[in-house]
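In case you want the letters, here they are:
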Amino acid sequence: MALRRTFRVTLALLPLLITAACVSQTNAPKAGNTAAAATTDLTAPQPRTATYNCADGGRMTIENLGTSVRVLGPDGVSQDLPASPANQNSRFGEAHDAIVIDGRDALVMKGGKTPLTCTR
């Protein structure tokens, strides 16, 4: 019985482990390439103010206020989004709008629209 459960758990977790291994290999800088290591630092904290280039050709600025962010969109509209949940610093949102910041990337979600990827 325990062997059957272990086998099922292993089968369920196998795709996750394979994906994690592939992602870590993709993001690893090449040996001896210190310039690549400096520019691909995915653990760098979000700066106080950063400008992002979005996949749709637009640009937006995100100002990190600690417990919230202020987003200045390409249309010139400013919006404040609180941390969601309140005890973290990478997910912000309210109502139907949200931003998830992951290293140099930001995923912008607005109600009724397709999510948009932006990079600083």
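As a reminder, the structure under discussion sits directly above these lines.
Below, the structure is looked at part by part.

Calculation notes
Residues numbered from 1 in each chain as written. Predicted model: local features only at pLDDT ≥ 70, side-chain atom pairs only at ≥ 80, totals over all residues. Heavy atoms only, no water. Helix = DSSP H or I, 4+ residues; strand = E, 2+ residues; numbered from the N terminus. Buried < 20%, exposed > 50% of the residue type's maximum accessible area, 1.4 Å probe, protein only. Contact = heavy atoms within 4.5 Å. Areas by Shrake-Rupley, 256 points an atom, 1.4 Å probe, with all protein chains shown as cover. Pairing = 2+ DSSP bridges. Axes fitted to C-alpha atoms, helices over the stretch in contact; angles between N-to-C directions. Polar contact = N/O pair within 3.5 Å; in protein donor to acceptor, adjacent residues only side chain to side chain. Core = buried A, V, L, I, M, F, W, Y, C linked by side-chain atoms within 4.5 Å. Disulfide = S-S within 2.5 Å.

## Brief notes about the overall build of the chain
So, step 1. Of the regular secondary structure elements, the chain holds two helices and eight strands.
So, step 2. Ordering the α and β elements of the chain from the N terminus gives α-α-β-β-β-β-β-β-β-β.
So, step 3. A burial count over the chain gives 22% of its 120 residues as buried.
So, step 4. When contacts within the chain are restricted to residue pairs at least 6 apart in sequence, those whose partners lie at least 24 apart make up 24%.
So, step 5. For the chain, the exposed area adds up to about 8400 Å²; of that, 60% sits on carbon and sulfur atoms.

## Description of unusual backbone geometry
So, step 1. In this structure, the amide linkage connecting Ser 84 to the following residue, Pro 85, adopts the cis form with an omega of 0 degrees.
So, step 2. With respect to the helices and strands, the residue Pro 85 is situated in the loop between strand S4 (78-82) and strand S5 (91-94).
So, step 3. Residues other than glycine seldom take positive phi values, yet Ala 95 does so here, at roughly 50 degrees.
So, step 4. Here Ala 95 lies in the loop between S5 and strand S6 (97-102).

## Description of the sheet that holds strand S2 (residues 59-64)
So, step 1. Taken in spatial order, the eight strands of this open sheet run S4-S3-S2-S1-S8-S7-S6-S5, and their pairing is antiparallel. Of all the strands in the sheet, the pair left with one neighbour each is S4 and S5. Sheet twist, expressed as the average angle between the axes of neighbouring strands with direction ignored, equals 25 degrees.
So, step 2. Inspection of the sheet shows strand S7 (residues 105-109) paired to strand S8 (residues 116-119) by four bridges, in the antiparallel sense. Looking at S8, one finds that Leu 107 is bridged to Thr 117.

## Comments concerning the side chain of Gln 88
So, step 1. By the element assignment, Gln 88 lies in the loop between S4 and S5.
So, step 2. A polar contact of 2.7 Å, which involves the side chain of Gln 88, links it to the backbone nitrogen of Ser 90.

## Quick notes on the nonpolar core
So, step 1. Ranked by size, the top nonpolar core spans 15 residues in total, and within it Tyr 52, Met 60, Ile 62, Val 71, Ile 99 and Ile 101 carry the most contacts.
So, step 2. Only strand S1 (49-54), S2, strand S3 (68-72), S6 and S7 provide two or more residues apiece to this core.
So, step 3. Here this core takes three residues from S1, the largest share from any one element.
So, step 4. Beyond its immediate sequence surroundings of up to four residues, Ile 62 is in contact with Gln 46, Arg 48, Thr 49, Ala 50, Tyr 52, Val 69, Arg 70, Val 71, Ile 99, Ile 101 and Ala 106.

## Examining the state of the cysteines
So, step 1. Under the criterion given, the structure shown has one disulfide.
So, step 2. The residue that forms a disulfide with Cys 54 is Cys 118, at a sulfur-sulfur distance of 2.0 Å. The S-S bond linking Cys 54 to Cys 118 shows a torsion near 100 degrees; that makes this disulfide right-handed. One end of the pair, Cys 54, is in strand S1; the other, Cys 118, is in strand S8, and 64 residues separate them in sequence. Each member of the pair Cys 54 and Cys 118 is classed as buried.

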